[in-house]
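Observations on the model geometry
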Protein chains: 12
Amino acid sequence: MSNHVYKTLELTGSSTTSIEAAVAGAIAKASETVRNIHWFQVVETRGYVEDGKVAYWQVTLKAGFRLE
Amino acid sequence: MSNHVYKTLELTGSSTTSIEAAVAGAIAKASETVRNIHWFQVVETRGYVEDGKVAYWQVTLKAGFRLE
Amino acid sequence: MSNHVYKTLELTGSSTTSIEAAVAGAIAKASETVRNIHWFQVVETRGYVEDGKVAYWQVTLKAGFRLE
Amino acid sequence: MSNHVYKTLELTGSSTTSIEAAVAGAIAKASETVRNIHWFQVVETRGYVEDGKVAYWQVTLKAGFRLE
Amino acid sequence: MSNHVYKTLELTGSSTTSIEAAVAGAIAKASETVRNIHWFQVVETRGYVEDGKVAYWQVTLKAGFRLE
Amino acid sequence: MSNHVYKTLELTGSSTTSIEAAVAGAIAKASETVRNIHWFQVVETRGYVEDGKVAYWQVTLKAGFRLE
Amino acid sequence: MSNHVYKTLELTGSSTTSIEAAVAGAIAKASETVRNIHWFQVVETRGYVEDGKVAYWQVTLKAGFRLE
Amino acid sequence: MSNHVYKTLELTGSSTTSIEAAVAGAIAKASETVRNIHWFQVVETRGYVEDGKVAYWQVTLKAGFRLE
Amino acid sequence: MSNHVYKTLELTGSSTTSIEAAVAGAIAKASETVRNIHWFQVVETRGYVEDGKVAYWQVTLKAGFRLE
Amino acid sequence: MSNHVYKTLELTGSSTTSIEAAVAGAIAKASETVRNIHWFQVVETRGYVEDGKVAYWQVTLKAGFRLE
Amino acid sequence: MSNHVYKTLELTGSSTTSIEAAVAGAIAKASETVRNIHWFQVVETRGYVEDGKVAYWQVTLKAGFRLE
Amino acid sequence: MSNHVYKTLELTGSSTTSIEAAVAGAIAKASETVRNIHWFQVVETRGYVEDGKVAYWQVTLKAGFRLE
C-alpha cells in the first residue's frame with residue numbers, strides 16, 4: 001500500500017429516500033467506468049423541497065481510486 | 001429562473017430516529033409560515049446522548065425560498 | 001449547568017448499514033469507560049468501497065462529557 | 001454608530017450578464033420590504049451553463065440592515 | 001426538547017466597553033420582537049479605532065430561538 | 001433530476017478583461033470535450049500584475065456535468 | 001523546548017460573567033488532574049439566554065500540556 | 001524563479017462600478033511605493049448600499065511582490 | 001470613502017487581565033508608527049497558563065489603516 | 001499565458017521516507033498519462049504507523065495541467 | 001475493520017531538523033502509553049527562529065488508535 | 001513576554017530540494033531587514049513541475065517578530 005497512487009473524483013448522487021442511498025448511487029454509477037474505487041468522503045449534503053417535503057437528497061462526495 | 005431572488009433561513013430540526021427525519025421536521029415546520037422553500041443544505045449534524053445511547057439527532061440546515 | 005466543565009473526545013465509529021449506526025457504535029464503545037457523555041457533533045463522514053458498493057461507513061465525531 | 005444593532009439576511013440574486021448585476025438585483029428586491037440595508041458581503045458565486053455558455057450568474061450574499 | 005425546531009438569526013451588536021456588552025446589547029434588542037431566544041454563538045469580533053484607541057467593539061453572533 | 005449523477009471538474013481560466021470572461025473561457029474550453037456541463041462555482045479569483053496594472057485575471061472554478 | 005511533546009485537550013468552561021472567567025474555570029478544573037498545562041486557544045464562544053439576557057457564557061478551548 | 005522570496009500585502013480597494021476596478025485601484029495605489037507586485041488573490045468582496053442601490057464595492061486582496 | 005485604499009497589518013498583543021486589554025495594547029503600540037488605523041478584526045485568542053491559572057492572554061488581530 | 005485553461009487533478013502519493021518523496025511519486029505516476037503538469041498544491045499530509053514508527057507518508061495534492 | 005472504534009489524540013512534536021522528525025518524535029512518545037496507533041494527520045506546521053535561522057520545527061498532528 | 005507586541009509578515013520562499021529549505025530561505029531573506037523574527041507558521045505548500053519532476057517547492061509562511 002505504501003507505493004500506490006490514488007486519484008480522487010468529485011461526484012454528486014441523488015436519492016428520494018436517504019443520504020446513504022444518494023452516496024451508493026454515485027459510487028455505483030462511477031464504478032461503471034472506473035475500477036478500484038477504494039474510499040469516499042462526503043463533502044456536501046443538500047436536497048430539494050416540494051410542497052414542504054424533501055423531494056430528493058443530493059450528496060456530493062470525493063471518491064478515491066487506485067491508478068494502475 | 002435567471003431573475004429570481006432567494007432568501008436563506010437557518011433552521012435546526014430534531015428527531016429521535018435519523019438525520020433525514022430531523023431535516024424533514026425542520027422543513028415541515030418552516031413551511032407552515034414560508035411558502036416556496038426550494039432547496040436546503042445541511043450545515044451541522046449534532047445529537048444528544050442519554051445512558052450511552054443517542055437520545056435524539058439535531059441537524060442545522062440552510063433553507064432557501066423564493067421571494068415573491 | 002452554568003458551572004460545569006466538559007471535555008471533548010474525538011472518536012471514529014463504523015457500520016455496514018448507516019451513518020446513524022456508525023455514530024451509535026462509537027458512542028456505545030466510549031460509554032464503556034467514560035460516564036456522562038452528553039452530546040456529539042459529526043465532523044467527518046467517510047466510507048470504504050468494495051466491488052462498486054459501500055462496504056462500510058466510517059464517521060468521526062466529537063463527543064462531550066462532564067468532568068466530575 | 002456605536003450603539004446600533006444590525007441584522008444580517010442571506011440572499012441569492014441572479015443575472016445573465018455579471019456578478020455585479022446579480023448582487024444589485026438581490027439588494028433591490030430585498031429593499032422593497034427591508035429598510036436601511038447598509039452593507040453586503042459576497043459569500044458564494046455560482047452559475048448555470050447552457051450549450052457551453054454561461055446562461056446566468058447566481059450570487060449569494062449576506063446583507064446587513066439596522067434594527068430600528 | 002427532541003421535537004423542537006429552532007431558527008437562527010445573525011445579529012451584530014456594539015459596545016464602547018467590552019465584547020460581552022456588545023453581545024448583550026444585540027440579544028436585548030432582538031428580544032424586543034423575538035421571544036424564546038435560547039442560545040447564541042459568536043461568529044466575528046471586530047472594532048473601530050479612533051486616535052489609537054478602541055472606540056467601540058462590534059460583535060456578530062448567531063442567535064437561536066424556538067419556533068412556536 | 002432525482003436520479004442523475006454528476007461529476008465535478010476543477011478548471012482555471014484566464015482573461016485580460018474580467019472575472020466573468022475568465023470563467024466563460026474555461027467553460028467554453030472544457031465544453032469542447034465534455035458534454036452536459038450544467039453548473040459552476042467560483043473557488044478562487046487571482047490575477048497577475050505588470051507595471052502596477054492587472055495584466056490578466058485567473059479564476060478557478062468547479063464545473064459539474066451529468067454522467068450519461 | 002525543542003524535544004518536548006505536547007498533548008492537546010479540548011475543554012468547555014462556563015461563567016455567568018465573562019469569556020475570561022469561563023476559560024479560567026475550564027483551566028482550573030483540568031489542572032486538578034493534568035499537570036503542566038502550558039497554553040490554550042479559544043475555539044468557540046457560545047452562550048445561553050434567559051428572558052432576553054445572557055444567562056451564562058460557554059467557551060470551548062484547546063489546552064496543551066507537556067507529556068512527561 | 002526558484003530562489004526568489006516574495007512578501008504578501010493585504011489591501012482593500014474600492015470602486016463605485018465593479019469588483020475589477022476596486023482591485024485595480026488597490027494595486028495602483030500600492031505600486032506607488034512597492035515595486036515588483038507580481039500577483040494578487042481576492043480574499044473578500046463586500047460593498048456598501050444607499051437607497052437600495054450598491055453605492056460602492058470594497059474588495060480585499062493579497063498582493064505578492066518580490067523582495068530584492 | 002469610496003476611493004480610499006486600506007492596508008491591513010496582522011498584530012499580536014498581550015495582557016494579564018483581558019482579551020480587550022490585549023487588543024488595546026496591540027493597537028496602541030502600532031499607532032506609534034502607523035497613522036489612521038481605522039478598524040480591527042480578532043483572528044485568534046490564545047493564552048499561557050502557569051500553575052493552573054491564566055498567566056496572560058495573547059490576541060492576534062488584523063488592523064486596517066488608510067494609505068495616504 | 002493569459003489565455004490558457006488549466007484542469008486540476010487531485011492525487012494521493014505515498015512514501016516510506018518523506019513528504020517530498022510522496023509528492024514526487026504522485027506527480028511521476030500522473031505524468032505517465034497527462035502531459036503538461038505545471039504546478040501542484042499540498043492539501044493534506046497523513047501517514048500510517050506500525051509499532052510506534054511512521055510506516056509511510058501519504059500526501060494528497062492538487063496538480064494543474066494545461067488543456068491543449 | 002468495519003466494527004472497530006478509533007479514538008483520536010492531538011499531539012505536538014518538535015525537531016531541530018525536519019517536519020518528518022517532529023512527527024516521528026510525537027508518535028514515538030505517545031506510543032509509550034498508547035498501543036495501536038494506526039494513522040496520523042498533520043494539522044499545523046510551525047517553528048521557532050533564532051538569529052535568522054530555524055531553531056526547531058513544531059508539528060501538530062492528530063493520531064488515531066483503536067479502542068480495545 | 002506578557003507585554004510584548006508582535007507583527008506578522010506573510011512570506012513565500014522557494015527551494016529545489018525540500019519544504020524545510022524553502023522556509024529557511026524565506027526566513028533568512030526577511031532577517032536581512034527585520035530583526036527579532038521569533039516564530040513562523042506554514043500556510044501553504046505548493047510547487048512547480050517540469051518534465052514530470054518537481055522543479056522547485058514554494059512555501060508560504062507567516063513569520064512573527066517583536067515590535068520594539
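Quick caveat, the model's predicted, so the values are computed rather than measured.

1. Details of the confidence of the model for chain A
Here chain A averages 96 in pLDDT, while 97% of its residues score no lower than 70. In the model output, the complex is listed with pTM 0.96 alongside ipTM 0.96.

2. Focus on the relation of the copies chain B and chain A
Note on the identical chains: chain B maps onto chain A by a rotation of 120° and an axial translation of 0.0 Å, with an RMSD of 0.0 Å. Expressed as an axis order, the relation between the two copies is that of a three-fold axis. No C-alpha of chain B lies nearer the rotation axis than that of I19 of chain B, which sits 5.0 Å from it.

3. Here we look at the pairing of strand β2 (residues 37-50) of chain J
Both β2 of chain J and strand β3 (residues 53-66) of chain J contribute to a ladder of twelve bridges, which runs antiparallel. Of the residues in β3 of chain J, the one forming a bridge with G47 of chain J is W57 of chain J. Linking β2 of chain J to β3 of chain J, which pair antiparallel, is a turn of two residues; within it D51 of chain J sits at a positive phi near 50°. Of the pairings in the sheet, the one linking β2 of chain J to strand β2 (residues 37-50) of chain L comprises three bridges and is antiparallel in character. Its bridge partner being in β2 of chain L, F40 of chain J is matched across the sheet by G47 of chain L.

4. Some points on unusual backbone geometry
Backbone geometry at N36 of chain C places phi at a positive 70°, although glycine is not the residue there. Judged by relative accessible area, which is 28%, N36 of chain C ranks as partly exposed. The phi angle at D51 of chain I is positive, at roughly 55°, despite the residue not being glycine. Among the structural elements, D51 of chain I can be located in the loop between β2 (37-50) and β3 (53-66). Owing to a relative accessible area of 79%, D51 of chain I belongs among the exposed residues under this scheme.

The rules we used
Along each chain, the written sequence defines residue order, and numbers are assigned to residues from 1. Chains carry letters from A onward and ligands carry numbers from 1 onward, assigned in written order. Only residues with pLDDT of at least 70 get local features here, since the model is predicted, and only at 80 or more are side-chain atom pairs given and counted; chain-wide, interface and lining totals rely on the full set of residues. With hydrogens and water set aside, each side-chain value is computed from the structure's full complement of heavy atoms. Per residue, pLDDT measures the predictor's confidence, with a range of 0 to 100. Only residues with pLDDT of at least 70 in both copies contribute their C-alpha atoms to the least-squares superposition of the copies. Strand pairing is assigned whenever DSSP detects at least two bridges linking the two strands. Here a strand is any run of E in DSSP of at least two residues, a helix any run of H or I of at least four, and the numbering for each starts at the N terminus. Burial status follows relative accessibility: with a 1.4 Å probe on protein chains alone, a residue under 20% of its type maximum counts as buried, one over 50% as exposed, and anything between as partly exposed.

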